[in-house]
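# Understanding the architecture of this molecule
Take a look at the letters that make up each chain.
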Amino acid sequence: MTQDELKQAVARAAIDYVVDGEIIGVGTGSTANYFIDELGKIKERIKGAVASSEATAARLRSHGIDVVDLNDVDSISVYVDGADEIDGSGAMIKGGGAALTREKIVASVSRRFVCIADGSKLVARLGAFPLPVEIIPMAANAVSRQLQALGGQPRLRLNKGTNEPQVTDNGGYILDVAGLDIADPVALETSINGIVGVITVGLFARRGADVCLLGTGDGVKTMTYGG
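If you're wondering where the values come from, they're calculated on a predicted model, not measured in any experiment. (Residues numbered from 1 in each chain as written. Predicted model: local features only at pLDDT ≥ 70, side-chain atom pairs only at ≥ 80, totals over all residues. Heavy atoms only, no water.)

Right, let's get into the nonpolar core. Formed by 24 residues in total, the largest nonpolar core has its most connected members in F35 and L39. The set of elements that each furnish at least two residues to this core consists of α1 (3-14), β1 (23-26), α2 (30-39), β2 (48-51), α3 (54-62), β6 (113-118) and β12 (211-216). Among all residues touching L39, those that are not within four sequence positions of it are I15, V18, I24, V26, I46, L60 and I65. Counting 22 residues, the second largest nonpolar core, distinct from the first, contains L126, L188, I195 and A205. (Core = buried A, V, L, I, M, F, W, Y, C linked by side-chain atoms within 4.5 Å. Buried < 20%, exposed > 50% of the residue type's maximum accessible area, 1.4 Å probe, protein only. Helix = DSSP H or I, 4+ residues; strand = E, 2+ residues; numbered from the N terminus. Contact = heavy atoms within 4.5 Å.)

So this is what it looks like as structure tokens:
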């Protein structure tokens, strides 16, 4: 199976976790887009969706799915999103699509986090994928120095084909940090989030996945975490 076929398979499998009559949270990225397309086929079963980015909101609306403001929602039954990496504990690196802050916010109010990913995203230890850190623009150099002190090699993310920084939906910049030793994802998440000028780090360890639907050549493998 191709990588796209694996993504489609896990997107279809995630529909089984949709709770009828409720609002769900939807992530951002190529795998999440496949899920949105599947969700459009059963849109009459849900009240609506909270989007983790403007791009996701637009895709949801294109399928006729009502996009709900998180401020109008007390809790979300399930949040479905992809990952750039996920380990055996359910901790993830996310943010390749620059939506990490809103993804983390929606995940934090969701009762269940279902990660959908192709098999290449499962790793024994996080860190081969550069760790995204969303920052306040004026703090780019100051935060970079702090990340270097932690052993990282930060690089400002630029728009493709230009020398202009990529700007997030929140008006922030992204530093992609290579070379970090992520032996303790929870501790590193706490440490980086404590740096002045950081909006959030793309480590999802304090609130990791509850379930991972992993696309493999042998079908969709289900991994559960935290009992």
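Okay, back to it.
Spatial strand order, β4-β5-β11: three strands in an open sheet with antiparallel pairing. Looking at strand neighbours, the two that pair on one side only are β4 (85-86) and β11 (203-204), the edges of this open sheet. (Pairing = 2+ DSSP bridges.)

Okay, α1 next. The end-to-end C-alpha distance of α1, which contains 12 residues, comes to 17 Å, matching closely the 16 Å that a straight helix rising 1.5 Å per residue would cover. For α1, the full list of buried residues reads L6, K7, A9, V10, A11 and A14. On the buried face of α1, the contacting elements are α2, β3 (79-81), β6, β12 and β13 (219-224). (Expected span 1.5 Å × (residues − 1).)

What follows covers the packing of aromatic side chains. Per the stated rule, a full pass over the model turns up one aromatic pair. Plain terms: the ring middles of Y79 and F113 are 5.0 Å apart, the flat faces sit at 75° to each other, and that makes the pair edge-to-face. Separated by 34 residues along the polypeptide, Y79 in strand β3 and F113 in strand β6 bring together distant segments of the chain. K104 extends its terminal NZ or CZ atom over the ring of F204, reaching a point 5.0 Å from the ring centre. (Phe/Tyr/Trp six-rings, centres within 6.5 Å; stacked < 30°, edge-to-face > 60°. Lys NZ or Arg CZ within 6 Å of the ring centre and 35° of its normal.)

Moving on, we come to a nonpolar patch on the surface. Taken together, the side chains of I136, M138 and I199 define a hydrophobic patch exposed on the protein surface, amounting to about 320 Å² of accessible area. Tracing the backbone shows M138 in the loop between β7 (131-135) and α5 (140-149). (Patch = residues over 30% accessible without salt bridge, like charges linked within 9 Å, V, L, I, M, F, W, Y side chains within 5 Å. Areas by Shrake-Rupley, 256 points an atom, 1.4 Å probe, with all protein chains shown as cover. Salt bridge = Lys/Arg side-chain N within 4 Å of Asp/Glu carboxyl O.)

The subject of this paragraph is the packing of α1 against α2. One can describe the packing of α1 onto α2 by two numbers: an axis separation of 8 Å at closest approach and a directional angle of 50°. With respect to each other, α1 and α2 are oriented oblique. Between α1 and α2 lies a crossing whose hand is right-handed. Facing α1, whose interface residues are D4, K7, Q8, V10, A11, R12 and A14, α2 presents S30, T31, Y34, F35 and E38. Among the residues forming the contact of α1 with α2, the class breakdown is five nonpolar, three polar and four charged. (Axes fitted to C-alpha atoms, helices over the stretch in contact; angles between N-to-C directions. Parallel < 35°, antiparallel > 145°, perpendicular 65-115°, else oblique. Left-handed = near helix turned anticlockwise from the far one by under 90°. Nonpolar A, V, L, I, M, F, W, Y, C, P; charged D, E, K, R; others polar.)

Our next topic: the environment of M223. By secondary structure assignment, the location of M223 is in strand β13. Classification of M223 by relative accessible area gives buried; the value is 13%. Considering only alpha carbons, one finds M223 and L213, 10 residues apart in sequence, at a separation of 6.5 Å. What M223 contacts, discounting residues up to four positions off in sequence, is L122, D210, V211, C212 and L214.

Whether parallel or antiparallel, the strands of a sheet pair through hydrogen bonds between backbone atoms. Taken in spatial order, the four strands line up as β8-β9-β7-β10 in an open sheet, and their pairing is antiparallel. Looking at strand neighbours, the two that pair on one side only are β8 (153-156) and β10 (198-201), the edges of this open sheet. Taking each pair of neighbouring strands and ignoring which way they run, the sheet shows an average axis angle of 30°. Sheet topology note: the β7/strand β9 (residues 173-178) ladder contains five bridges and is antiparallel. Within β9, the residue paired with I135 across the bridge is Y173. The sheet contacts of helix α4 (residues 100-108) involve β7, β9 and β10, and relative to β10 the element is tilted by about 65°. Contacts from helix α6 (residues 185-193) reach β7 and β10 within the one sheet, and its direction differs from that of β10 by about 170°.

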